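Examining the three-dimensional arrangement
If you want the building blocks of each chain, they are given just below.
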Amino acid sequence: MIGGLLSDLRSAGRSLRKRPLFALSAGLTLALGIGATTALWSVVDAVLLRPMPYPDSERLVAVQGYDVVNGSLSQETESNLSSPDVADLRAQGEGISGLAAYSVSGTVLGGEGEPIPARVGIVTPGFFGTLRVAPALGRDFTEDEHVAGKHRVLILSDALWRARFQADPGVVGRKVLLAGNDYTVVGVMPRPFIGPLPGYFDEPMAWRPLAAAPDSRGGHWMRGVARLAPGVRREAAEGRLDALMTRLQAQYPDTATGQRIRLVPLVESASSGSRPAVLAVFGAVLFLLLIACFNVAGLLLARTEERRRETAIRAAIGAGRGRLMALVFCESGLLALGGGVFGMLFAWWGTDLLATLAGHSLPRVAGARIDARALLFALAVSTAAALVFGMAPAARQARVELDRILREGHGAFVASRRRLRQVLVVGQLALSLMLLIGAGLMAASVGRLLRVPTGLRTENVLTFEMQLPRVRYPDGAAQNGFAERLVARLEALPGVQSAGLSNILPMSGSSSCDGFSLAERPHTAPGPQPCAEARSATPRSFAAFGIRLVRGRLLEDRDDAKAPRVAVVNEAFAARFLPGDDPIGKHLVLGDDRFEIVGVIGDVKQFGPAIEAPASFTLPFAQSPGNDFGVAVHATLDAAALAPAVRRAVAALDSGLALERVETMQKLVRDSAAAPHFRAIVTSTFATAALLLAAIGLYGLMTYTVGQRRREIGIRMALGAERGAVARLVLGEALGLLAAGTGLGLLAGAALTPLLGSLLFGVRPLEPALYLGPALVLAATALLSCLAPAWRATRVDPLRELRVE
C-alpha cells in the first residue's frame, strides 16, 4: 500500500512538472487563501484563545462590579470597585484563594536623564501573588508598604527597565522620580509579564502599592482580579462574593446600594468586547479560503479533462476507482503542500501587517505570531483544502466511462465536467459578493461614524497630556499658577489662536463620574448620589476645543479661586437631571461646596463618535485645580507642525516636565474609530482578493469553454453567424453564471449580514444601496474578465476548424 502511494506521489509530481503554469497558478491561489487564513488565525489565537501568561491562568477571573438599575444589571465603566470593597472581598470572600485590584494611569518618570512619560499601575496587596508571578530581580511589595508614607516603592516592567535603565541588574535599590516624588526600585518583573488590564499589554510600565484612605468606599475606580480556590467553580464563587456584596450594602447603604459582583474568565475579560468583531473578520477569511478551493477545483477539473484518455487507458489496464481517485488526491495534496509552504511566508508577513493595522484597537494583538500553534493550524487548513478542492475532480475521475469515451468521443464527458465547473464558478461569485457586501457595510459604517458631529473642533488642534509633580506643585495655588503661565506662553506662540486646559481630554478614553446633588432637587432615594462626568477647565479651553455655548455664559477669567463658585453643564446633563427646567441659576452641590450653573454648552462625544455624550459639568480650573490635565492648542497652521514649539514652551516653564500623547485632535477622533476602521480595511482586502479570484475562475471557465467549442463556433460562422453573435453567445453564458452567482450572493448576504448588526453604526444591514453597489462591482469585474475569451471566440477560423474536423 505504501509503495502504491509513493508511486502515485511520484506520478503526480511528474504530472505537475509537465504543467508548471498550472501548478504555479493553483499553488499561488492556495498560498493566498492559506496564508491569509493562517495570519488571521494568529490574531484570533492571540486575542481570544491563548491563555493569559500566568500559572494556572484558567483559574483567574476578572471581578467586575455592576449597578442594579430598575431591577436589571448594567455594566459600569472601567473603574468598578473601590479599594475598601476589594479589602472586604479579599478578607471575607469565600471560594477564592486570592483577590487584588489595580488601576493604570499616566505619570512622568524622572531621575537620571530626561523625564519620560510612563504608565504606572496602582495595585492593592496581593496583586502579584494572586497572579502567581514573582519579580525576576528584587522582591514583591510587602503588606506594610501599602500604608501611606511607606508606599514609595516601585516595581518596573522589563520593557521600562530596558528602555530607561539599559537592563542594569543593579537597578534594585536605586532612587527614581515618579511624578516628582522619590521612589525606590525594589523589583523588576520578568520579560513575558503583562498586566491584565486591556489596552496596556505592551507599554513600559511601573507598579506601586496603593495607600488608600479608609473612607474612599464610594470611589469605584479599580479593576479586580481573583484566583478561584481549588475545586471551586466560577459560578459558585460568584454567588458567594455577590452575597458578601449584598451584606456590604446593608452595612454601607449610602455607597454600596445596588452594587453587584460578576466573575468573568480573565482571558475573556482581556478581549474587551473584541470577540464578535474578530470572529466576523475570521469568517470573512474562511470565505476567501473556500473561494480559493473552488478556484483550484475548477483548474483540476480542466486538468482531468485534458487527461481523459490517459485515465481511460489506466482504467483499461486494471486501475480501480480507488487508485484513480488516489492519483487526483496525490496531485491536490502536493498542490496544498506547496500552497501551504508559500502561504506560511505570506502569513509571516501578514501577521505583522495585521498587528500593525490593529494597533491598540485589539487587546493582546501585539502577541500575534507564527508559532507551533499557527503551524499546526496551517497544516490542518492545507489538509482540509486538499480534500475540499480534490473531492470533485477525484469523484469525476472515479466515474470515468471507458466504453463511452472510446466509442463516442469526449463531448458528453466534457459537457458534464463543464457543468460542474459552472457550479464552482457560481459558488465563487456568490461568496465573493457576500464578502463585498460585508466589506461595503463595514466601510459605510466607518464613513458614517467619522461624519458624526463630535461637538469638537478637529482642524488645526494639537493636544497633549501632562502631570505636575506634587513636590513642586503641592497645592491648588501652585497648580493654577502654572496653568495660567502655560496658557499665556502657548497663546503667545506664532499662529496660535487659543489654548486651554481640561482635567480630561475628549477622546482620551478617560472618565470621571463624580457624585453630586442639586440644591433645588435634593437626592432623597436610598443609595449613592447620581453622578456625571466632572470636568475642570480654563476659560479659553472652550474656544480651543471649539465647544459651543447653548445658553447663559461660558467660564471666564473672573471665575478665579476667590470668586463665587460657578459651573457650566452640557445639554445631556440638563436633559437628564433637569428635564423641563431652566438650568441657569440652579446649584450643584459637591461635598460642602455649591456651584451656580451659569451656562449650558453643547454635548461632546467624550468617548468616541459611536457613544452618546455623557452628562457632564465643568468647573473653573482655578476653583477645582489638579496636577494632571490635558491641553488643547488651536492654531492657524498645521497642528502637527506646532509640536516642537509647544515642547519648547513647556520646557521654558519647567524642564522637568514631560509631555504625553502629543496628538492632533483629528488623530484622536480617528483613533476612537480604530477598531471599526481595522475591520473595514481587513474585510475590504479579503473581499478584493475574493473578487479577483472569482474573476479569474470565470475567465478560466470561459477560456476553457471557448477552447472546447471551437468546432461548434466554426460551424456557426461558416453558416453565416456574425462575429457579434459569437461574442454574444460567449457573453450570454457568462451573464447566466453571473446572474446565478449574484442571486445566490444577494440571498445569502441578506440572510447573514444581519449578524453584523452589533458591529455597524448608522447602517441598516438590509440597506438596498449597500447591496446594489457590490453587485454592480461584481458584474463589471466579471464581464471584464470575459471580454478576452469572447474576443478569442470571434477570431476562430471556420475553414481551419472544418478542415481539422
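Since we're looking at a predicted model, the values are computed, not measured.

What follows is about the side chain of Gln467. Checked against the element boundaries, Gln467 lands in strand β12 (residues 461-467). With a relative accessible area of 11%, Gln467 lands in the buried category.

Applying the stated criterion across every chain yields a total of 6 cavities of 30 Å³ or more. Taken as a whole, the largest cavity spans an internal volume of roughly 230 Å³. Around the largest cavity sit 19 residues that line it, and Arg535, Ile547, Val604, Gln606 and Thr618 are the ones nearest its centre. Elements with a contribution of two residues or more to the lining of the largest cavity: β16 (531-537), α16 (541-545) and β21 (616-620). A breakdown of the residues in the lining of the largest cavity according to their chemical character gives 9 nonpolar, 7 polar and 3 charged.

Attention now moves to the packing of helix α21 (residues 710-718) against helix α22 (residues 723-752). Here α21 crosses α22 at 150°, and the two axes come no closer than 10 Å. When the axes of α21 and α22 are compared, the crossing they make is right-handed. Between α21 and α22, the residues in contact are Glu712, Ile713, Arg716 and Met717 and Arg723, Val726 and Leu729, respectively. The class makeup of the residues in the contact of α21 with α22 is 4 nonpolar, no polar and 3 charged.

This brings us to the pattern of salt bridges. Under the defined criterion, the tally for this structure stands at 27 salt bridges. Between Asp45 and Arg373 there is a salt bridge whose closest N-O contact spans 2.5 Å. With a gap of 328 residues between them, Asp45 in helix α2 (residues 20-49) and Arg373 in helix α12 (residues 372-398) connect regions that are remote in the sequence. Arg551 serves as the salt-bridge partner of Asp582, at 2.8 Å between the closest nitrogen and oxygen. Of this pair, Asp582 sits in the loop between α17 (571-577) and β19 (587-590) while Arg551 sits in strand β17 (residues 549-552), and the two are 31 residues apart along the sequence. Among the residues examined, Arg551 registers a relative accessible area of 41% and is labelled partly exposed. Taken together, the shared-partner salt bridges connect Asp45, Arg50, Arg369, Asp371 and Arg373 into one network.

Here the focus is the packing of aromatic side chains. As enumerated under the stated definition, the model contains 14 aromatic pairs in all. On the numbers, 5.8 Å between centres and 85° between planes, the contact of Phe128 with Trp207 is edge-to-face. Residue Phe128 is found in helix α4 (residues 127-131), and its partner Trp207 is found in strand β9 (residues 205-209); the two are separated by 79 residues along the sequence. Ring centres of Phe621 and Phe629 lie 5.8 Å apart, and the angle between their planes is 90°; this geometry places the pair in the edge-to-face category. Among the aromatic side chains, those forming a connected cluster through ring pairs are Tyr102, Phe127, Phe128, Phe141 and Trp207.

Time to look at the layout of surface pockets. It is the rolling of a water-molecule-sized probe over the atoms that shows where space remains empty. Of the volumes computed, that of the second largest pocket is approximately 550 Å³. Looking at the lining of the second largest pocket, the elements that each hand over two or more residues are α2, α9 (275-306), α14 (411-450) and α20 (674-708). Its residues assigned to classes, the lining of the second largest pocket comprises 11 nonpolar, 8 polar and 4 charged.

Relative to each other, α20 and helix α23 (residues 769-794) sit at 25°, their axes nearing to 9 Å. Taken as axis vectors, α20 and α23 run roughly parallel relative to one another. Regarding α20 and α23, the two cross each other, and that crossing is right-handed. On α23, the residues that touch Leu691, Ala695, Leu698, Tyr699, Met702, Thr703 and Val706 of α20 are Val777, Leu778, Thr781, Ala782, Ser785, Cys786, Ala788, Pro789, Arg792 and Ala793. When grouped by side-chain class, the residues that make up the contact of α20 with α23 number 13 nonpolar, 3 polar and 1 charged.

So, how was this worked out
Residues numbered from 1 in each chain as written. Predicted model: local features only at pLDDT ≥ 70, side-chain atom pairs only at ≥ 80, totals over all residues. Heavy atoms only, no water. Helix = DSSP H or I, 4+ residues; strand = E, 2+ residues; numbered from the N terminus. Buried < 20%, exposed > 50% of the residue type's maximum accessible area, 1.4 Å probe, protein only. 1 Å grid on protein atoms, 1.4 Å probe; cavity = no way out; pocket = protein on both sides within 12 Å on 5 of 7 lines; lining within 4 Å. Points joined across faces, edges and corners; volume = space filled by probe spheres on them. Nonpolar A, V, L, I, M, F, W, Y, C, P; charged D, E, K, R; others polar. Axes fitted to C-alpha atoms, helices over the stretch in contact; angles between N-to-C directions. Left-handed = near helix turned anticlockwise from the far one by under 90°. Contact = heavy atoms within 4.5 Å. Salt bridge = Lys/Arg side-chain N within 4 Å of Asp/Glu carboxyl O. Phe/Tyr/Trp six-rings, centres within 6.5 Å; stacked < 30°, edge-to-face > 60°. Parallel < 35°, antiparallel > 145°, perpendicular 65-115°, else oblique.

Limitation: the analysis is restricted to geometry and does not speak to function.
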